[in-house]
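Single-letter residue listing:
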Amino acid sequence: MTEQHPFVIVGAGLAGARAAQTLRDEGFDGKIVLFGEEAERPYERPALSKGLLLRTTKRDSVFVHDASWYEEHDVNLHTDTRVTTLDRQARQVTLADGRRFGYDRLLLATGARARTLPVPGAHLDGVLRLRTLADCDRISDAIVDGASVVIVGAGWIGLEVAAAARTRGAAVTVVEAADLPLQRVLGDQLATVFADLHRDHGVTFRFGAQVHEFRGSDRVSAVLLADGTVLPADLVVVGVGVLPNTELAEQAGLAVDNGVVVDHTLRTSDPYIWAAGDLANARHPLLNIRVRVEHWANALHSGPAAARGMLGRAVSYDRLPYFYTDQYELGMEYTGHAPPGSYDRIVVRGELAGGEFIAFWTAQGRVLAGMNVNVWDVTGPIGQLIRSRQPVDLDRLADPAVALESLVGRG
């Protein structure tokens, strides 16, 4: 295959790096150019809020490829490089330094950025967000024994940082606007499991609370809540979600709606451009809805799927959403998609208090999602139950003596 212009990938995270690898694995011998804004070569993010914060994971282990891989596979990697404009008519991207690169096919894998908290003092040293390796390094240096850490947001990132900080001896207070951690994602019953877990490890929660101001001269020293409470703080970590980096797509006139709109093949509204990872709002052929997934597994698999689409292969990206967390002694995997209002019953197999169980979100007897907590090697059958789209006997679903595999395709 001979192209006048290279295949260009904008975004050197996991999705972009895996796409480049897949192009080579699938036999593409043309030029590949990979642009990334960070100074680091592509790396995986889960360890940033887990093993790297705990200092149980070696830093070199998070990189997608060895440093030599890109040259060995003729992938032209540009780190610390920002793409500023995309000209669809000319099929060119322009860099911040003015250089232009033509493309034959283009993949947008620009990911997402951490949301900011627009309150006074947000600029202070010590008020951090966790999205990059550099962020992780700064937070890890600060969560020392005896430090006072305030975490704003009781989502997955907030709770994982809380667990790492407590494990390393810091005093942790989590400020959350809702009544429970992960309340919108899990519902009250399962959210209580995580609240109890963290309380048992010494975390203090401030639920129904809003941050009014971060206080300090040059560095943060306290957090003022809307009710007047003042929380001492040597470090603040703001974990209130992310925003997809859609600016380049918007500038180019691509369809954008909570991410870059793509079809089930991950192709955008432009036939020469694909999108993958956190950025892509994809039509899911199994769920029959649009879904934008911000988790590691989606980047791992959607990058290769988009690469195959760029090569003209038949693609139908129907991976079920999947994510996992490790907090203290709790390990969890979640498979499926069950947003608020989509389910009518949560079925629990095992005992919540015992710390080993599987929870299923169901609608009219059909399994929409499953979360296994300290129960392993069950993501396969959970996925099969979801994919079957068939109602199951909920009493048997709740019975640990009944093999999950036996329920697939049976009412």
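Right above here is the structure, for reference.
Read on for an overview of the structure.

Criteria and cut-off values
- Residues numbered from 1 in each chain as written.
- Predicted model: local features only at pLDDT ≥ 70, side-chain atom pairs only at ≥ 80, totals over all residues.
- Heavy atoms only, no water.
- Phe/Tyr/Trp six-rings, centres within 6.5 Å; stacked < 30°, edge-to-face > 60°.
- Helix = DSSP H or I, 4+ residues; strand = E, 2+ residues; numbered from the N terminus.
- Buried < 20%, exposed > 50% of the residue type's maximum accessible area, 1.4 Å probe, protein only.
- 1 Å grid on protein atoms, 1.4 Å probe; cavity = no way out; pocket = protein on both sides within 12 Å on 5 of 7 lines; lining within 4 Å.
- Points joined across faces, edges and corners; volume = space filled by probe spheres on them.
- Nonpolar A, V, L, I, M, F, W, Y, C, P; charged D, E, K, R; others polar.
- Contact = heavy atoms within 4.5 Å.
- Pairing = 2+ DSSP bridges.
- Axes fitted to C-alpha atoms, helices over the stretch in contact; angles between N-to-C directions.

Observations regarding the packing of aromatic side chains
Counting across every chain of the model gives 10 aromatic pairs. Here the aromatic rings of Trp156 and Phe194 are separated by 5.5 Å at their centres, their planes lie at 85°, and the arrangement is edge-to-face. In this pair, Trp156 sits in helix α5 (residues 156–167) while Phe194 sits in helix α7 (residues 188–200), placing the two residues 38 residues apart along the sequence. For the pair shown, Trp156 and Phe194 are each scored as buried. Aromatic rings pair up to connect Trp156, Phe194, Phe323, Tyr334 and Trp361 into one cluster.

A closer look at the layout of surface pockets
Reported here for the second largest pocket is a volume of approximately 370 Å³. The wall of the second largest pocket is formed by 26 residues, among which Tyr317, Arg319, Leu320, Pro321 and Tyr322 lie closest to the centre. Contributions of two or more residues to the lining of the second largest pocket are made by β20 (280–284), α9 (296–310) and α10 (379–388). It is α9 that provides the largest number of residues to the lining of the second largest pocket, a total of 6 residues. Tallied by class, the residues present in the lining of the second largest pocket amount to 13 nonpolar, 9 polar and 4 charged.

Describing the side chain of His198
Relative to the helices and strands, His198 resides in helix α7. By relative accessible area, which is 0% here, His198 ends up buried.

Regarding the environment of Val261
Within the secondary structure layout, Val261 lies in strand β18 (residues 260–262). Distance in space between the C-alpha atoms of Val261 and Trp274 is 9.6 Å, their sequence separation being 13 residues. Setting aside chain neighbours within four positions, we find Val261 in contact with Ala255, Val256, Arg267, Thr268, Ser269, Asn281 and Arg290.

So, the pairing of strand β16 (residues 235–238)
The side chains of a regular strand alternate between both faces of the sheet. With burial as the criterion, each face of β16 is covered, one bearing Leu235 and Val237 and the other bearing Val236 and Val238. Where strand β9 (residues 127–128) and β16 come together, 2 bridges link them in parallel fashion. Considered in β16, the bridge of Val127 is made with Val236. Across 4 bridges, the pairing between strand β10 (residues 148–152) and β16 is parallel. Residue pairing for β16: Val152 is matched across the bridge by Val238.

What about the pairing of strand β5 (residues 92–95)?
Judged from the 4 bridges that link them, strand β4 (residues 83–87) and β5 form a sheet pairing that is antiparallel. Residue pairing across strands places Leu86 opposite Val93, the latter belonging to β5. A loop of 4 residues connects β4 with β5, the two strands running antiparallel in sequence, and Arg91 in this loop sits at a positive phi of about 55°. Here 3 bridges tie β5 to strand β6 (residues 100–102), and the two strands are oriented antiparallel to one another. In the strand pairing of β6, Thr94 is matched with Arg100. Linking β5 back to β6 in an antiparallel pair, the connection comprises 4 residues, with Gly98 at a positive phi of about 95°.

Here's the deal with the sheet that holds β18
On the basis of which strands lie adjacent, the open sheet formed by 3 strands has the order β18-β20-β21 and mixed pairing. In the strand order of this sheet, the two ends are held by β18 and β21 (289–291), each with one partner. Put simply, the sheet's adjacent strands are angled 25° from each other on average, direction ignored. Summarising the sheet, β18 and β20 pair through 3 bridges and their orientation is parallel. Bridging from a neighbouring strand, Val262 pairs with Ala282 of β20.

Function cannot be read off these values alone, since they describe shape.
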